[in-house]
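What follows is the residue order along each chain.
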Amino acid sequence: MDLNEVMAVNLRRIRHGKKLTQEELAHRTGLSTRHIGAIERAEMSATLTVLGQISDALGVEPAELVTKSN
C-alpha cells in the first residue's frame, strides 16, 4: 500500500468518525469537494500544504493521515 492509499483510508476513516461529509470537509479546508474525493480515492496526491489544511480541519496531527494502521 503506497502513501496515497494510506492517506485515502485514514482520511475517510477520520472524516467518517467525525461525521463530516466530503462537502463539509471541503468547506473547512477551502478545497473543492472533487479534490477531497480524489484524495480519498487515492487518485490524487496531497501536497504538504493540502495535508496541513486537511489535518487542521479535522483537528488531527498530519502524521495521523499518513501512518499505516495495523
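Just so we're clear, the structure is a prediction, and the values are computed from it rather than from any experiment.

Let's talk about helix α1 (residues 3-17)
Because each turn of an α-helix spans 3.6 residues, side chains separated by three or four positions in sequence point in the same direction. Taking 1.5 Å per residue as the helical rise, α1 with its 15 residues ought to reach 21 Å, and the 21 Å between its terminal C-alpha atoms agrees with that figure. Of all the residues in α1, the buried ones are Val6, Met7, Ala8, Asn10, Leu11, Ile14 and Arg15. Residues of α1 that are buried sit in contact with α2 (22-29), α3 (33-40), α4 (48-58) and α5 (62-66). The backbone nitrogen of Asn4 has a side-chain oxygen 3.1 Å away, supplied by the residue at the start of α1, namely Asp2. Looking one or two residues past α1, Lys19 carries a phi angle of roughly 55 degrees, positive in sign.

Some words on unusual backbone geometry
Notably, Lys19 is not glycine yet its phi reads approximately 55 degrees, a positive angle. Looking at where Lys19 falls in the secondary structure, it is placed in the loop between α1 and α2. Residue class for Lys19 comes out exposed when judged on its relative accessible area of 72%. Residue Ala42 is not a glycine yet carries a positive backbone phi of 60 degrees. Secondary-structure assignment places Ala42 in the loop between α3 and α4.

Notes on the pattern of salt bridges
In a structure, side chains of opposite charge can pair up when their charged atoms sit close to one another. Enumeration according to the criterion identifies three salt bridges in this entry. For Arg15, the salt bridge goes to Glu40, with nearest N and O atoms at 2.5 Å. Highlighted residues: Arg15 in helix α1 and Glu40 in helix α3, separated in sequence by 25 residues. Between Arg41 and Glu43 there is a salt bridge, with the nearest N and O atoms lying 3.2 Å from each other. Looking at Arg41, the relative accessible area reads 49%, which means it is partly exposed. Residue class for Glu43 comes out exposed when judged on its relative accessible area of 58%.

Some details on the packing of α2 against α4
Between α2 and α4, the least distance of the axes is 9 Å, while the angle of their chain directions is 110 degrees. It follows that α2 is roughly perpendicular to α4 by the angle criterion. Both α2 and α4 take part in a crossing whose hand is right-handed. Across the interface between the two elements, Leu25, Arg28 and Thr29 of α2 pack against Gln53, Ile54, Ala57 and Leu58 of α4. For the contact of α2 with α4, the class distribution of residues is four nonpolar, two polar and one charged.

So, how was this worked out
Residues numbered from 1 in each chain as written. Predicted model: local features only at pLDDT ≥ 70, side-chain atom pairs only at ≥ 80, totals over all residues. Heavy atoms only, no water. Helix = DSSP H or I, 4+ residues; strand = E, 2+ residues; numbered from the N terminus. Expected span 1.5 Å × (residues − 1). Buried < 20%, exposed > 50% of the residue type's maximum accessible area, 1.4 Å probe, protein only. Contact = heavy atoms within 4.5 Å. Polar contact = N/O pair within 3.5 Å; in protein donor to acceptor, adjacent residues only side chain to side chain. Salt bridge = Lys/Arg side-chain N within 4 Å of Asp/Glu carboxyl O. Axes fitted to C-alpha atoms, helices over the stretch in contact; angles between N-to-C directions. Parallel < 35°, antiparallel > 145°, perpendicular 65-115°, else oblique. Left-handed = near helix turned anticlockwise from the far one by under 90°. Nonpolar A, V, L, I, M, F, W, Y, C, P; charged D, E, K, R; others polar.

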